[in-house]
Amino acid sequence: MNDRPASLHSVAGNYGTLALVLQGGGALGSYQAGVYEGLAEADLRPHWIAGISIGALNAAIIAGNPLGHRVERLREFWETISRQPYFPVLPTFDMTGWPLTWQNQWSGLSAWRALWEGQAGFFHPRMPPAFLGQAASPASVSWYDTAPLRATLERLVDFDLINHPKGLRVSIGAVNVRTGNFEYFDNRRGKLRVEHFMASGALPPGFPAVEIDGEYYWDGGMVSNTPLYKVLSDRPCHDALIFQVDLWRASGQLPRDLAGVAERAKEIQYSSRTRLITEYMRLTQENQRLLHDLMALVPPDRHNDPAFRRAEARSSGALTNLIHLIYSDKPYEGHYKDYEFSLGTMRTHWQSGLDDMRHTLAHPQWLAPPTPDEPFVTHDVHRR
């Protein structure tokens, strides 16, 4: 263990881009925090973080704190938003060894309380409810008020650090409510404020739209729950090592009841774009590499031809290594797992992310650059 981080850090140095891609998934997002702790433990330092929804909030905590304090701040963030704001706080139990039915009931009770009470430092029910009152603006049409989240982010995130020219690159996705267009906010193209991160996680009708420069935005997961496309299409033409952390698994059990149907529908809805984009980018990069290699066969006296210049602009010799980490459901979880914020479950998710990252890094050969013959490779510890 003593020289493993240095070895991994050396391997990662072979890439021009080292990126962390964080998907949406609500309460499951503490899995991403565990993954990041595993990266920090191995001294692997992403210099580009792209996030959507809860992934954007984790990105804010990571990029908005100094290197040595990021895991600590992530822990504080998740410990804050995983507590009930009212009435007696449920005790934290290790449910290992409990009958599955008891675990399921305890988890369901925590999710029910989140719906009725909200979560401390995150959201609380809007009073009076929007359907009983006159909505003054799109920012007030929702079941919950996210003012507590603003206060939490302003307390835990240094936005000057996020916007520092030498800081991490940060890209977060949201949807323009008026136009329906998906947009990325990027600190290399403008300053990011607390509103940008809140907009990326403003899933309707639960959370209100967030105003940014006169336009209103909702959760980016409504269009695409993964920012992988942003990283792969917007990077310079050099090799990339990308850690993609997904909170929804594509494969699953056939549902046997309506609750199972609701859960399976969410999994397919939010995982499908990930698979589609990954496959699309793999084919795109293989074709770009093939074009790059073919152009090397063109005689120099034809390099000024317009066709050659057009092809040159579309070719790429870049190699991509995609390390995929996907959250695996626990047997007691139900269709409410993305809003079950209990402390015990949060810590279980976190540990799962840390374990998966450690297991992944136990295969350092997976971090080696791909070959020109196979310019886009993926690795998934669960698939192995």
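Residues numbered from 1 in each chain as written. Predicted model: local features only at pLDDT ≥ 70, side-chain atom pairs only at ≥ 80, totals over all residues. Heavy atoms only, no water.

Quick look at the overall build of the protein chain
Item 1. When helices and strands are counted, the protein chain shows 12 helices and 11 strands.
Item 2. Its C-alpha atoms give the protein chain a radius of gyration of 22 Å, within 12% of the compact-globule value 21 Å for 384 residues.
Item 3. With the C-alpha coordinates of the protein chain rotated into their principal frame, the extents come out at 75 × 50 × 45 Å.
Item 4. Counting every position in the protein chain, which comprises 384 residues, the buried fraction comes to 51%.
Item 5. Residue pairs in contact within the protein chain that sit at least 24 positions apart in sequence constitute 75% of those at least 6 positions apart.
Item 6. Carbon and sulfur atoms form 56% of the exposed surface of the protein chain, whose accessible area is close to 17800 Å². (Helix = DSSP H or I, 4+ residues; strand = E, 2+ residues; numbered from the N terminus. Rg over C-alpha atoms; globule rule 2.2 N^0.38 Å. Buried < 20%, exposed > 50% of the residue type's maximum accessible area, 1.4 Å probe, protein only. Contact = heavy atoms within 4.5 Å. Areas by Shrake-Rupley, 256 points an atom, 1.4 Å probe, with all protein chains shown as cover.)

What about the packing of aromatic side chains?
Item 1. All told, the structure shown has 14 aromatic pairs when counted by the stated rule.
Item 2. Ring centres of tryptophan 112 and tryptophan 116 lie 6.2 Å apart, and the angle between their planes is 45°; this geometry places the pair in the tilted category. Pair noted here: tryptophan 112 and tryptophan 116 are both in helix α5 (residues 100–117), with a separation of 4 residues, about one helical turn.
Item 3. What makes tryptophan 112 partly exposed here is its relative accessible area of 47%.
Item 4. Geometrically, the ring pair formed by phenylalanine 182 and tyrosine 184 is edge-to-face, given 4.9 Å between the ring centres and 75° between the ring planes.
Item 5. The exposure class assigned to tyrosine 184 is partly exposed, which follows from its relative accessible area of 23%.
Item 6. Every member of this aromatic cluster is reached through a ring pair, and the members are Phe122, Phe123, Tyr144, Phe207 and Phe341.
Item 7. It is arginine 75 that lies over the ring of tryptophan 350; its NZ or CZ is 3.8 Å from the centre.
Item 8. Above the face of the tryptophan 48 ring, arginine 169 is positioned so that its terminal group lies 3.9 Å from the ring centre. (Phe/Tyr/Trp six-rings, centres within 6.5 Å; stacked < 30°, edge-to-face > 60°. Lys NZ or Arg CZ within 6 Å of the ring centre and 35° of its normal.)

Observations regarding the side chain of aspartate 186
Item 1. Relative to the helices and strands, aspartate 186 is located in strand β6 (residues 182–186).
Item 2. Among the residues examined, aspartate 186 registers a relative accessible area of 5% and is labelled buried.
Item 3. Residues within four places of aspartate 186 in sequence aside, it is in contact with Arg169, Val170, Ser171, Leu192 and Lys230.

Remarks on the nonpolar core
Item 1. Residues Leu20, Leu44, Phe77, Trp78, Leu153, Phe197 and Phe243 are the most contacted members of the largest nonpolar core, which totals 71 residues.
Item 2. If you tally residues by element for this core, the top one is helix α3 (residues 54–63), at 8 residues.
Item 3. Apart from residues lying up to four places away in sequence, leucine 153 is in contact with Leu57, Ile61, Phe77, Phe159, Val194 and Met198.
Item 4. The next biggest cluster of nonpolar side chains, apart from the first, holds 13 residues, and it includes Leu228, Ala240, Ile242 and Leu322. (Core = buried A, V, L, I, M, F, W, Y, C linked by side-chain atoms within 4.5 Å.)

Here we look at the layout of surface pockets
Item 1. Here the largest pocket defines a volume of roughly 870 Å³.
Item 2. Along the walls of the largest pocket sit 38 residues, with Tyr144, Leu203, Gly206, Phe207 and Tyr339 positioned nearest its centre.
Item 3. No other element matches α5, which puts 3 residues into the lining of the largest pocket.
Item 4. Class assignment for the residues of the lining of the largest pocket results in 25 nonpolar, 9 polar and 4 charged.
Item 5. For the lining of the second largest pocket, the element with the most residues is helix α10 (residues 258–295), which contributes 5 residues.
Item 6. Per-class residue counts for the lining of the second largest pocket are 5 nonpolar, 8 polar and 9 charged. (1 Å grid on protein atoms, 1.4 Å probe; cavity = no way out; pocket = protein on both sides within 12 Å on 5 of 7 lines; lining within 4 Å. Points joined across faces, edges and corners; volume = space filled by probe spheres on them. Nonpolar A, V, L, I, M, F, W, Y, C, P; charged D, E, K, R; others polar.)

Quick look at unusual backbone geometry
Backbone phi values are negative for most residues with the exception of glycine, while trans is the configuration of most peptide bonds.
Item 1. A cis amide bond links proline 204 to the next residue, proline 205, at an omega of -5°.
Item 2. On the secondary structure map, proline 205 appears in the loop between α8 (194–200) and β7 (210–212).
Item 3. A positive phi is found at serine 53, a non-glycine position, where the angle reads about 60°.
Item 4. Note that serine 53 resides in the loop between β2 (48–52) and α3.

A closer look at the packing of helix α4 (residues 70–81) against helix α6 (residues 147–156)
Relative orientation and spacing of two packed helices are given, respectively, by the angle between their axes and the distance between those axes.
Item 1. Two numbers describe how α4 lies on α6: the axes approach to 11 Å, and their chain directions differ by 160°. If you check the angle between α4 and α6, you find them roughly antiparallel. As for the relative orientation of α4 and α6, their crossing is right-handed in sense. Residues Arg73, Glu76, Phe77 and Thr80 of α4 touch α6, and the partners they reach there are Leu149, Thr152, Leu153, Arg155 and Leu156.
Item 2. In the contact of α4 with α6, the residues fall into 4 nonpolar, 2 polar and 3 charged. (Axes fitted to C-alpha atoms, helices over the stretch in contact; angles between N-to-C directions. Parallel < 35°, antiparallel > 145°, perpendicular 65-115°, else oblique. Left-handed = near helix turned anticlockwise from the far one by under 90°.)

Remarks on the pairing of strand β10 (residues 320–326)
Item 1. The element β10 is largely enclosed, with a buried count of 7 among its 7 residues.
Item 2. A two-sided burial pattern is seen for β10, the buried positions comprising Thr320, Leu322, His324 and Ile326 on one face and Asn321, Ile323 and Leu325 on the other.
Item 3. Bridging between strand β9 (residues 240–246) and β10 involves 7 bridges; their strand directions are parallel. Residue aspartate 246 lies in a different strand from β10, and its bridge partner there is isoleucine 326. (Pairing = 2+ DSSP bridges.)

A look at the side chain of glutamine 119
Item 1. When you line up the elements, glutamine 119 lands in the loop between α5 and β3 (124–125).
Item 2. If we skip the residues at most four places from it in the chain, glutamine 119 touches Ile81, Ser82, Arg83, Gln84, Pro85, Ala114 and Phe341.

Concerning the packing of helix α2 (residues 30–41) against α4
Item 1. It is the contact of α2 with α4, at a shortest axis distance of 10 Å, that shows an interaxial angle of 165°. Classified by the interaxial angle, the pair formed by α2 and α4 is roughly antiparallel. α4 is crossed by α2, and the crossing has left-handed handedness. From α2, Ser30, Ala33, Tyr36, Glu37 and Ala40 reach across to α4, where they touch Arg70, Val71, Leu74, Arg75 and Trp78.
Item 2. Along the lines of polarity and charge, the residues of the contact of α2 with α4 split into 6 nonpolar, 1 polar and 3 charged.

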